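Examination of the molecular architecture
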Amino acid sequence: MSSLAPPEYGWWKPFPRDEKVWLTIILIAAVVLSAITIGWALVGKQNVPAASYKVTPAEFEKQVADFTARYQVPGSAGEVRVPPGQDAYMMASMWTFSPTLRLTAGQAYTIWISAKDVLHGFSIADQNLNVMAAPGHAYGVRITPDKPGSYLVVCNEYCGVGHQAMTGKIIVE
Ligand code: CUA
């Protein structure tokens, strides 16, 4: 008999015991993994605490401009000192984030992020924070920065030839 002979047909026969055992193990694993997937979304601190609202790029641009005009650091080029308790706004556009935010350590902030033109990403380098910046939606990320320093904001969605140089800054003081 050739080693390439097809296996014996037998799909109509009852499962042998070893096959039943494996099917049971696979079923249990599927249920457990599904439960972990759902539980992960509900429990724990791994999710970015966030809210969102719909906004056109033009409306969001006006919100950013009003916010920048109100809290701009005098003499600076687009640096904004955000008073504690006040929401912050940041626009992602090809290929920059503006304005630069100055936050106070230990205070809770919501940073609203949206995009002017195409889909961008918003991620703070070396921090566990990573969201999308999409035109038409503002995404509010709640953070409480605890360590003073200068944090690099980078874009993590490919958005054109300037993508790899698209950065912004958050200063915690
Ligand atoms: Cu913006 Cu990549």
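Above this text sits the structure in question.
Residues numbered from 1 in each chain as written. Predicted model: local features only at pLDDT ≥ 70, side-chain atom pairs only at ≥ 80, totals over all residues. Heavy atoms only, no water.

A look at the overall build of the chain
Counting its regular elements, the chain contains two helices and 11 strands. Ordering the α and β elements of the chain from the N terminus gives α-β-α-β-β-β-β-β-β-β-β-β-β. The C-alpha radius of gyration of the chain comes to 25 Å, more than 25% above the 16 Å expected for a compact globule of 173 residues. Along the first, second and third principal axes, the C-alpha set of the chain runs to 90 × 35 × 30 Å. Within the span of the chain, comprising 173 residues, buried residues form 32% of the whole. Here the contacts in the chain between residues at least 6 apart in sequence split such that 59% fall between residues at least 24 apart. (Helix = DSSP H or I, 4+ residues; strand = E, 2+ residues; numbered from the N terminus. Rg over C-alpha atoms; globule rule 2.2 N^0.38 Å. Buried < 20%, exposed > 50% of the residue type's maximum accessible area, 1.4 Å probe, protein only. Contact = heavy atoms within 4.5 Å.)

Comments concerning the nonpolar core
The biggest cluster of nonpolar side chains holds 35 residues, and the ones touching the most others in it are Leu101, Ile111, Phe122 and Ile170. Setting aside residues no more than four positions away along its own chain, phenylalanine 122 makes contact with Met90, Phe97, Ile113, Leu129, Asn130, Val131, Val153, Val154, Asn156 and Ile170. (Core = buried A, V, L, I, M, F, W, Y, C linked by side-chain atoms within 4.5 Å.)

Considerations on the environment of alanine 138
Inspection of the secondary structure puts alanine 138 in strand β9 (residues 137–143). Given the relative accessible area of 0%, alanine 138 is considered buried. Sequence separation of alanine 138 and isoleucine 111 is 27 residues, and the distance between their C-alpha atoms is 9.5 Å. Those residues in contact with alanine 138 that lie beyond four places of it in its chain are Ala51, Ser52, Tyr53, Val55, Phe60, Trp112, Ile113 and Ser114.

Side note on the packing of aromatic side chains
This structure, assessed with the given rule, holds five aromatic pairs. Measuring from ring centre to ring centre gives 6.0 Å for phenylalanine 60 and tyrosine 89, while their planes differ by 55 degrees; the resulting arrangement is tilted. With a gap of 29 residues between them, phenylalanine 60 in helix α2 (residues 57–71) and tyrosine 89 in strand β3 (residues 88–93) connect regions that are remote in the sequence. Pair check on accessibility: phenylalanine 60 and tyrosine 89 agree, each one buried. Among the aromatic residues, those joined into a cluster by ring pairs are Phe60, Phe67, Tyr71 and Tyr89. (Phe/Tyr/Trp six-rings, centres within 6.5 Å; stacked < 30°, edge-to-face > 60°.)

Looking at the pattern of salt bridges
Inspection of the entire model under this criterion finds five salt bridges. One salt bridge connects arginine 102 with glutamate 79, and the closest N-O pair in it is separated by 2.6 Å. Separated by 23 residues along the polypeptide, arginine 102 in strand β5 (residues 100–103) and glutamate 79 in strand β2 (residues 79–81) bring together distant segments of the chain. Each member of the pair, arginine 102 as well as glutamate 79, carries the same accessibility label: buried. Several salt bridges share partner residues, and in doing so they unite Glu79, Arg81, Arg102 and Glu173 into one network. (Salt bridge = Lys/Arg side-chain N within 4 Å of Asp/Glu carboxyl O.)

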